[in-house]
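Listed below, chain by chain, are the residues.
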Amino acid sequence: LMRDPGNWAVFANCGRKAMCKDHTGCAGNVMTDFFAVRPEHVPKDAFADWGKAKNAEHQATHAFRGILQAKREAWIYPKNRDPACRVRGL
């Protein structure tokens, strides 16, 4: 997915409600078990306020909001299947 220069990031969705599709700016939570980003599209201070976040997934979703708002993301895991929020086989 990162071979496509139009994808600035590849995420897995931690949310159980939203079914995330590529280039939609999905409102799901970005899983921190896996993500790939083009560093030039992430602000240098993106994780500076880490102490204010509810959890790692909320922090990552906030940090990558510019990519999501630009709708330049791809999803390898479109919907989480349970509350554990882990990337694993189906």
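In this text, all values refer to a predicted model and were calculated from it rather than measured experimentally.

Explanation requested: the overall build of the protein in the structure shown.
Helix and strand content of the protein: two helices and three strands. From first element to last, N terminus to C terminus, the protein shows the α and β order β-β-α-α-β. Computed over C-alpha atoms, the radius of gyration of the protein comes to 12 Å, within 12% of the 12 Å expected from 2.2 N^0.38 for 90 residues, which places it in the range of a compact globule. Overall size of the protein, expressed as C-alpha extent along the three principal axes, is 35 × 35 × 20 Å. The proportion of buried residues among the 90 residues of the protein is 36%. Looking at the protein as shown, the accessible area adds up to about 5,600 Å², and 55% of this sits on carbon and sulfur atoms. For the protein, the separation between the mean place of its 15 positive charges and that of its 9 negative charges on side chains is 5 Å.

Looking at this model, I keep getting lost on the nonpolar core. Mind explaining?
In globular proteins that are soluble, nonpolar side chains generally tend to be buried together. Phe11, Val30, Val42, Phe64, Ile67, Leu68 and Trp75 are the most contacted members of the largest nonpolar core, which has 14 residues in total. Trp75 has contacts with Phe11, Ala12, Asn13, Cys20, Lys21, Asp22, Cys26, Val30 and Leu68, leaving out every residue within four places of it along the chain. Counting residues in hydrophobic clusters, the runner-up holds five residues, among them Cys14, Met31, Tyr77 and Cys85.

Definitions and cut-offs
- Residues numbered from 1 in each chain as written.
- Predicted model: local features only at pLDDT ≥ 70, side-chain atom pairs only at ≥ 80, totals over all residues.
- Heavy atoms only, no water.
- Helix = DSSP H or I, 4+ residues; strand = E, 2+ residues; numbered from the N terminus.
- Rg over C-alpha atoms; globule rule 2.2 N^0.38 Å.
- Buried < 20%, exposed > 50% of the residue type's maximum accessible area, 1.4 Å probe, protein only.
- Areas by Shrake-Rupley, 256 points an atom, 1.4 Å probe, with all protein chains shown as cover.
- Lys, Arg positive; Asp, Glu negative; His and termini not counted.
- Charge placed at Lys NZ, Arg CZ, Asp CG, Glu CD.
- Core = buried A, V, L, I, M, F, W, Y, C linked by side-chain atoms within 4.5 Å.
- Contact = heavy atoms within 4.5 Å.

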